[in-house]
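Structural features, examined
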Number of protein chains: 4
Amino acid sequence: MFKVIFMNYVKDFKWKKGMKADEFVTGLSKVGFQSVLLGRASEIIRKMKRDGAKIYLTFTSNMATSGLRGFFAQLIDLGMADIIVTTVGGLEEDIMRASKERFAIGSFRADDVALHEKGMNRVGNILIREESYANFEDIMTRMLGKIYEKKKRLTTAEFFREIGLMLRDKDSILYQAARHNVPVFCPAVTDGALGFHLFMFQEKHPDFIIDSVRDFKDIVVFTSQDDRKGIICLGGGVSKHYAILSTLINGGMDYAVYMTTASASSGSMSGATTDEAKSWGKIKDDADAVTVIGDVTITFPLVMAKALEELKKEGCLRK
Amino acid sequence: MFKVIFMNYVKDFKWKKGMKADEFVTGLSKVGFQSVLLGRASEIIRKMKRDGAKIYLTFTSNMATSGLRGFFAQLIDLGMADIIVTTVGGLEEDIMRASKERFAIGSFRADDVALHEKGMNRVGNILIREESYANFEDIMTRMLGKIYEKKKRLTTAEFFREIGLMLRDKDSILYQAARHNVPVFCPAVTDGALGFHLFMFQEKHPDFIIDSVRDFKDIVVFTSQDDRKGIICLGGGVSKHYAILSTLINGGMDYAVYMTTASASSGSMSGATTDEAKSWGKIKDDADAVTVIGDVTITFPLVMAKALEELKKEGCLRK
Amino acid sequence: MFKVIFMNYVKDFKWKKGMKADEFVTGLSKVGFQSVLLGRASEIIRKMKRDGAKIYLTFTSNMATSGLRGFFAQLIDLGMADIIVTTVGGLEEDIMRASKERFAIGSFRADDVALHEKGMNRVGNILIREESYANFEDIMTRMLGKIYEKKKRLTTAEFFREIGLMLRDKDSILYQAARHNVPVFCPAVTDGALGFHLFMFQEKHPDFIIDSVRDFKDIVVFTSQDDRKGIICLGGGVSKHYAILSTLINGGMDYAVYMTTASASSGSMSGATTDEAKSWGKIKDDADAVTVIGDVTITFPLVMAKALEELKKEGCLRK
Amino acid sequence: MFKVIFMNYVKDFKWKKGMKADEFVTGLSKVGFQSVLLGRASEIIRKMKRDGAKIYLTFTSNMATSGLRGFFAQLIDLGMADIIVTTVGGLEEDIMRASKERFAIGSFRADDVALHEKGMNRVGNILIREESYANFEDIMTRMLGKIYEKKKRLTTAEFFREIGLMLRDKDSILYQAARHNVPVFCPAVTDGALGFHLFMFQEKHPDFIIDSVRDFKDIVVFTSQDDRKGIICLGGGVSKHYAILSTLINGGMDYAVYMTTASASSGSMSGATTDEAKSWGKIKDDADAVTVIGDVTITFPLVMAKALEELKKEGCLRK
């Protein structure tokens, strides 16, 4: 243990005029505490890409509600995600944004009753108009009809691929995923406004089925024992667990970066560390793995700023 | 605002020899900080029961892995939950426990690679043997065959009801739920070992379907506009959101108690407060609602210790 | 390691009508996650008392602002604290409360500008009138005069002992401490309203000195190498560190219970675990030690409810 | 309220090859959640400097243990801090580093008993050799003698100024502070290894006094009612409170940036928000103020990267 320790010493961070974002992250990586882990995360992501691992990118709904949405789309376009797992709310918002809806920046301490009266829904300090959801309903009604014409029993990945093919926004997660054959899995697909629309549609078309069981089969067979596998896991919950569980019988992840605000102290999945995942075999015993604590809207772009710069130089990005 | 404020003053907590648990909680409720909110939560739960509200009890998987599992079963038996929403891991563990499996108490700082080698899976400081999962596979294989004979296309609530009817353990959540006609919804039903078993079963029986869309319909129609509705929401994620979303078109919750360790600062669903839910109409503008921060294995039994004692006296419990 | 693990299994928590607070805590102690650590904390506190250890009780200012204040006084009276370390704000509030001031319970989401206009100061969800501070000034001016007559150069422990001797409230920390010869150390004594009063007083009496260096000497020599030493450390910061540091040259603590909401992830003293303290020798390598995460206004009374009940039965309490 | 809200919309973050650190932060500032507040913090710091406010920089000990230490020194040199408040541990480490000691980067999950045996002390994931403390003792013994020759009764700011004048390291906080006449206040000056050395020194020189009361006077008179005042407050505890308290009678802060990992839910000073401070008048009602949640080793350099770049362009930096 000590050998490893002594290879690294705390180094004073210094600001330089005009410094680049990647230099900045390099500077942070010897400061101490979470900034060290940030540096490690950047390194692991670079390694998983260079090693040709299949990269799982998972995130919770709120992250796609935020301005990380276009960044996720960009990462797919650059070849940094081979498979996506997420929850439905963020995908709804991705579709809204692709239809020119805009979300406002408000305050965490807003008067929520007043917001409700004004038809504004709050997600942290982001505000979405109820009208945006009404527009979303129109879009979905139209899209559901078209999808049903092609196929009556779909997995969630098949369903969202069809939607992606109908979008025309290069900043959209679903658009880029469909274009690059990156499957988007969404295990709790009815847990959002989409749930209402699916339910209304099924009332009229009882043979319309979202097949969650085959969905799971598809994510499991996405990789084999022989594939190298890496995960970038933003936030917790179902999207996180569905991804790491799916590789369990194929030997677990070779690389893993968890980024979250949740603490391990309550035994939740959201706070479970990469170490805990090793006890299950969801991550390999000897995997390169790190858990970074902090708000993902800050930590994730930082980690990628350095990894992308280096991968670009090494010719590992698609663009 | 100040009128309300001045009705309550900080009161020194004092220990008394042989004091009862409910007296203890009453003592806490004027201490300050989260203990005040604990007292409020207890009051709101008491009110929702006395008001005849339909009570939604939601919890994350890890809580059913813990010793809260038998407490949830007891609460169903006492008539304190009319509908359950949860994730699949905890239900798997409920079935294991009903089949005499035991979980060990370990440490948060365990050596996870060593645990993996010994066939132990860690959830926080709880350890589950891999063998328990192997036994679970045998049980599920048998049960799936029986369920399939009765019905080929089920919602998650129908599926878990069938399982509950086959169990024989009064400390089991699924057993008590089936017995008292309390539906157990599980929106991401494949996100656990059960996912593997469902997938293997469907391979042989392609007409076996878990209908997630009808699942959502069923939870939506569980209540009407006229029903009074209350929620006790333990932890975050999909189980929390699925429940509050489902009442949205029926006017939202009249009473809400959120208990969580997640912080609101990152905009996550898990950390979203009862206030935020009001902006969406998931909780009514004038609802009695509170968010208590803390580990649910501690805060929830405390809140209930006082509520149950009082409801018992008032003849509001089933037993 | 596994031997220890298998001695404990998760046990379902069950509510019983009329259950006692200590039974309740016993029930919690096999639930999992933080509730297990709560049980351990209770056991360690019981052991430190039975073993005749000198007990250090440290807490942050906000805890004495809360209704834990009278509980701390009771614990001193029962013989559960031999030395106190804290910060000055809480002691000011202890003096105010002993002078019949009352603090209101408000809300964490108050309008702080409105509060300011109404002369209300907020501490979390507790409100203190500015008038209470004005009254405090009168009290201190009088007391400072009397103290100065007796002594011109004091340590903080000497200073607060003099104040305690002038109070007449058995729910007061300083009163009980003075009465039972329990020193109250306050390393950053000017960091509160008292700072202003001390400064005004010293302007008129330049030979009035708070001797912080001798203060440190006094806390160091409070114990010897031979003494058994235990600590109950509520919250973090200076009060925590001053206590554990002071025993370093006397071999460190034999027993330690840390209770806090702070996380270890940022490397702060407040979030530092009992394990980290072992690397410094502040806590002995083989000490019985535990860190419980959660709001102390809830977790600390729980831990004590069980410990006190048992110690009472065993005749280990002063009363 | 809505006018303000609608001036800002969520904007997708996009990575660009070779992007600058300040552009990066600009990109983050419209993402949502804490990244928005990061942008606000940067703006407020820029404003306080351009407005000619006296800038209070406060930080907890662990931050000076980390590689932020040289950055703090740089900020003083650039004219971004007019007064420092901190706790003693970090200043000890600043002196050690100025004497060529190096700190290793380890792991949060280290075996602390093993570390203790090897003479390594852990602060989060930073390791300090016990030998470094032994060397520190030699340095302090020598310095204390020299200081005593000049002055026998000192405030903490006077004391650390003397030390700063004896150092020869431009990356040292104390060196730069002394050079630029920036006072360094340390309210709990004995709460560290220095406490032992001061105590041993006072044993031999009983007229040696650290005058904490005059210390408080000096920080209070540092500003007047007329001065514009801003604070950058990193972490919580005594250093935070001492600074905001000191300006209370001079009207409170005009600008305030709090950066912390502590939560407001437990009513602690560390988690207290800038809003809470307004109820006390520690921050002005109409002050520009923000609280950013996250690890300061990451968030603070980010905030400054943008603020410094802009201030440099505007000619507001000393260098």
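Residues numbered from 1 in each chain as written. Chains lettered and ligands numbered in written order. Predicted model: local features only at pLDDT ≥ 70, side-chain atom pairs only at ≥ 80, totals over all residues.

Before going further, it helps to examine the overall build of chain A. Looking only at helices and strands, one finds 15 helices and eleven strands in chain A. Here the C-alpha radius of gyration of chain A, 20 Å, is about what a compact globule of 319 residues would show, namely 20 Å. Each principal axis of the C-alpha distribution contributes one length, and for chain A these read about 65 × 50 × 40 Å. By the burial criterion, 66% of the 319 residues in chain A qualify as buried. (Helix = DSSP H or I, 4+ residues; strand = E, 2+ residues; numbered from the N terminus. Rg over C-alpha atoms; globule rule 2.2 N^0.38 Å. Buried ≥ 20, exposed ≤ 12 C-beta atoms within 10 Å, placed from the backbone.)

So, about the confidence of the model for chain A. Mean pLDDT over chain A stands at 96; residues scoring 70 or higher make up 98%. If you check the scores for this complex, the pTM reads 0.97 and the ipTM reads 0.95. (pLDDT = per-residue confidence, 0-100.)

Think of interface size as the accessible area that goes away when the parts come together; that is how it is often given. In this assembly, 55 residues from chain D lie in contact with 56 residues from chain A. Secondary-structure elements contributing two or more residues to the side of chain D that touches chain A are helix H1 (2-6), helix H2 (21-28), helix H3 (34-50), helix H5 (68-78), strand E3 (104-105), strand E5 (126-129) and helix H15 (296-313) of chain D. Looking at the side of chain D that touches chain A, the element that brings in the most residues is H15(D), giving nine residues. Classifying every residue of the side of chain D that touches chain A by side-chain character gives 27 nonpolar, 16 polar and twelve charged. (Contact = placed C-beta atoms within 7 Å. Nonpolar A, V, L, I, M, F, W, Y, C, P; charged D, E, K, R; others polar.)

Moving on: the relation of the copies chain D and chain C. For these two chains of identical sequence, chain D goes onto chain C by a turn of 180° and a shift of 0.0 Å along the axis, with RMSD 0.0 Å. Classification of the inter-copy transformation places it as that of a two-fold axis. If distances are taken from each C-alpha of chain D to the rotation axis, the shortest is found for Ala188(D), at 2.4 Å. Comparing contact sets, 100% of the residues at the interface of chain D also lie at the interface in chain C, consistent with an isologous, same-surface contact. (Least-squares fit on C-alpha atoms with pLDDT ≥ 70 in both.)

When chain D is fitted to chain A, the residual RMSD is 0.0 Å, and the transformation amounts to a turn of 180° plus an axial shift of 0.0 Å. Taken as a fraction of all interface residues of chain D, those also at the interface in chain A reach 100%, which identifies the copy contact as same-surface.

Next up on the list: helix H5 (residues 68-78) of chain B. All names here are of chain B. Within H5, eleven of the eleven residues are buried, leaving the element largely enclosed by the surrounding structure. All of the buried residues in H5 are Leu68, Arg69, Gly70, Phe71, Phe72, Ala73, Gln74, Leu75, Ile76, Asp77 and Leu78. Where H5 is buried, its residues contact strand E1 (54-59), helix H4 (61-65), helix H6 (88-98), helix H10 (173-179) and helix H15 (296-313). Immediately downstream of H5, the backbone of Gly79 shows phi near 85°, a positive value.

Take the interface of chain D and chain C next. The interface of chain D with chain C comprises 59 residues on the first partner and 60 residues on the second. Put simply, the parts of the chain that give the side of chain D that touches chain C at least two residues each are helix H4 (61-65), helix H7 (112-117), strand E4 (120-123), helix H11 (193-204), strand E8 (209-210), helix H12 (212-220), helix H13 (237-246) and helix H14 (274-280) of chain D. When residues in the side of chain D that touches chain C are grouped by element, the largest group, seven residues, is from H12(D). A per-class count over the side of chain D that touches chain C returns 23 nonpolar, 24 polar and twelve charged.

So, on to the pairing of strand E5 (residues 126-129) of chain B. All names here are of chain B. Strand direction decides the pairing type here: strand E3 (residues 104-105) and E5, joined by two bridges, are antiparallel. Its bridge partner lying in E5, Ile105 is registered against Ile126. Inspection of the sheet shows strand E4 (residues 120-123) paired to E5 by four bridges, in the antiparallel sense. Bridge pairing in E5 links Val123 to Ile126. Here E4 folds back onto E5, and the loop between the two strands holds two residues, one of which, Gly124, carries a positive phi near 65°. (Pairing = 2+ DSSP bridges.)

Bringing the packing of helix H8 (residues 130-150) of chain A against helix H9 (residues 156-166) of chain A into the picture now. All names here are of chain A. Packing of H8 against H9 brings their axes to within 10 Å, and their N-to-C directions diverge by 120°. As the angle between them shows, H8 and H9 are arranged oblique. Crossing hand, H8 versus H9: right-handed. Residues Met143, Ile147 and Lys150 of H8 lie in contact with H9, whose contacting residues are Phe159, Glu162, Ile163 and Met166. Of the residues contributing to the contact of H8 with H9, the split by class is five nonpolar, no polar and two charged. (Axes fitted to C-alpha atoms, helices over the stretch in contact; angles between N-to-C directions. Parallel < 35°, antiparallel > 145°, perpendicular 65-115°, else oblique. Left-handed = near helix turned anticlockwise from the far one by under 90°.)

We now examine the sheet that holds strand E2 (residues 83-86) of chain B. Residue and element names in this part refer to chain B. One open sheet accounts for six strands, arranged E7-E2-E1-E9-E10-E11; its pairing is parallel. Unpaired on one side and paired on the other, strand E7 (184-185) and strand E11 (283-293) mark the two borders of the sheet. Judged from the five bridges that link them, strand E9 (residues 229-234) and strand E10 (residues 253-260) form a sheet pairing that is parallel. Bridge assignment links Leu234 to a residue of E10, and that residue is Met259.

Before going further, it helps to spend a moment on the environment of Arg129(B). Residues and elements named next belong to chain B. Along the chain, Arg129 falls in strand E5. As a C-alpha pair, Arg129 and Gly119 span ten residues in sequence and 5.9 Å in three-dimensional space. Among all residues touching Arg129, those that are not within four sequence positions of it are Gly119 and Met120.

On to the environment of Val189(A). With respect to the secondary-structure elements, Val189(A) resides in the loop between strand E7 (184-185) and helix H11 (193-204). Val189(A) gets classed as buried once you count the C-beta atoms within 10 Å, which come to 26. Considering only alpha carbons, one finds Val189(A) and Glu203(A), 14 residues apart in sequence, at a separation of 17 Å. The residues contacting Val189(A), other than those within four sequence positions of it, are Val88(A), Thr156(A), Leu194(A), Ile210(A) and Ser212(B).

Glancing now at unusual backbone geometry. Non-glycine residue Lys100(A) carries a positive phi angle of around 75°. Since 9 C-beta atoms lie within 10 Å of it, Lys100(A) is described here as exposed. Here Phe33(B), not a glycine, exhibits a phi torsion of approximately 55°, which is positive.

Residues and elements named next belong to chain C. Mapping Tyr258 onto the fold places it in strand E10 (residues 253-260). By the C-beta count within 10 Å, which is 30 here, Tyr258 ends up buried. Expressed as a C-alpha distance, the spacing of Tyr258 and Leu311, which sit 53 residues apart in the sequence, is 20 Å. When residues no more than four places from it in sequence are discounted, the contact partners of Tyr258 are Cys233, Thr273, Thr274 and Thr291.

Right, let's get into the sheet that holds strand E4 (residues 120-123) of chain C. If you walk across this open sheet you meet the three strands as E3-E5-E4 (chain C), and the pairing is antiparallel. The sheet terminates laterally at strand E3 (104-105) and E4 of chain C, the two strands that pair on one side only.

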